[in-house]
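The primary structure of each chain is shown beneath.
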Amino acid sequence: MSDLLSSNEITKALSNLSDWNVHDGQIKSEFIFSNFVEALSFIVKIGVLAEKADHHPEIWNVYNRVSITLSTHDAGGVTDKDIMLASEITNLI
Ligand code: HBI
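A brief report on the enclosed structure follows.

What counts and what doesn't
Residues numbered from 1 in each chain as written. Predicted model: local features only at pLDDT ≥ 70, side-chain atom pairs only at ≥ 80, totals over all residues. Heavy atoms only, no water. Pairing = 2+ DSSP bridges. Helix = DSSP H or I, 4+ residues; strand = E, 2+ residues; numbered from the N terminus. Axes fitted to C-alpha atoms, helices over the stretch in contact; angles between N-to-C directions. Near = heavy atom within 4 Å. Polar contact = N/O pair within 3.5 Å; in protein donor to acceptor, adjacent residues only side chain to side chain. Areas by Shrake-Rupley, 256 points an atom, 1.4 Å probe, with all protein chains shown as cover. Nonpolar A, V, L, I, M, F, W, Y, C, P; charged D, E, K, R; others polar.

Side note on the pairing of strand β3 (residues 58-62)
Note that β3 and strand β4 (residues 65-70) share five bridges and pair antiparallel. Across the sheet, residue N61 finds its bridge partner in β4, namely V66. Here β3 folds back onto β4, and the loop between the two strands holds two residues, one of which, Y63, carries a positive phi near 50°.

With respect to the sheet that holds β3
If you walk across this open sheet you meet the four strands as β1-β2-β4-β3, and the pairing is antiparallel. Each edge of the open sheet is held by one strand with a lone partner, namely β1 (21-23) and β3. Each strand of the sheet is rotated relative to its neighbour by a mean of 25°, with strand direction disregarded. When strand β2 (residues 26-32) meets β4, the two strands line up antiparallel, connected through six bridges. The residue of β4 that forms the bridge with F31 is V66.

With respect to the site of the ligand
In the vicinity of the ligand, the contacting residues are D54, H55, H56, S71, T72, H73 and D74. Backbone polar atom of H73 to an oxygen atom of the ligand: 3.0 Å apart, as the coordinates give it. One nitrogen or oxygen atom from the main chain of D74 is found 2.9 Å from an oxygen atom belonging to the ligand. Starting from 390 Å² of accessible surface for the ligand in isolation, the protein chains cover 67%. Partitioned by chemical class, the residues of the shell around the ligand number no nonpolar, five polar and two charged.

Here it is in structure tokens:
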């Protein structure tokens with residue numbers, strides 16, 4: 001299991017990931033697309049990354065808006081796994 005990151009470590013890691021914020025032991029981001037199909041395509045790509053990493057985000061979609069929350073449930077907070085997946089998700093854009 002990955003080690004929990006301290007709040008300083010999370011802040012430092014997120015300084016390179018400006019789309020993401022930390023809140024209550026989770027990291028979150030929201031992406032807006034031009035339409036539903038673009039949003040859905042983004043979600044499917046995230047699904048492929050998540051399965052490869054065996055690490056799964058919570059994903060909410062309303063039309064062109066996709067909100068993502070990441071935490072490591074097994075560890076009870078944010079770990080390197082969340083930072084890695086957040087970085088890969090941001091790189092999809
Ligand atoms: N996804 N976000 C997240 N957090 C986890 O702890 C996690 C996961 N996907 C799979 C997974 N853990 C598995 O390793 C186990 O629960 C077996």
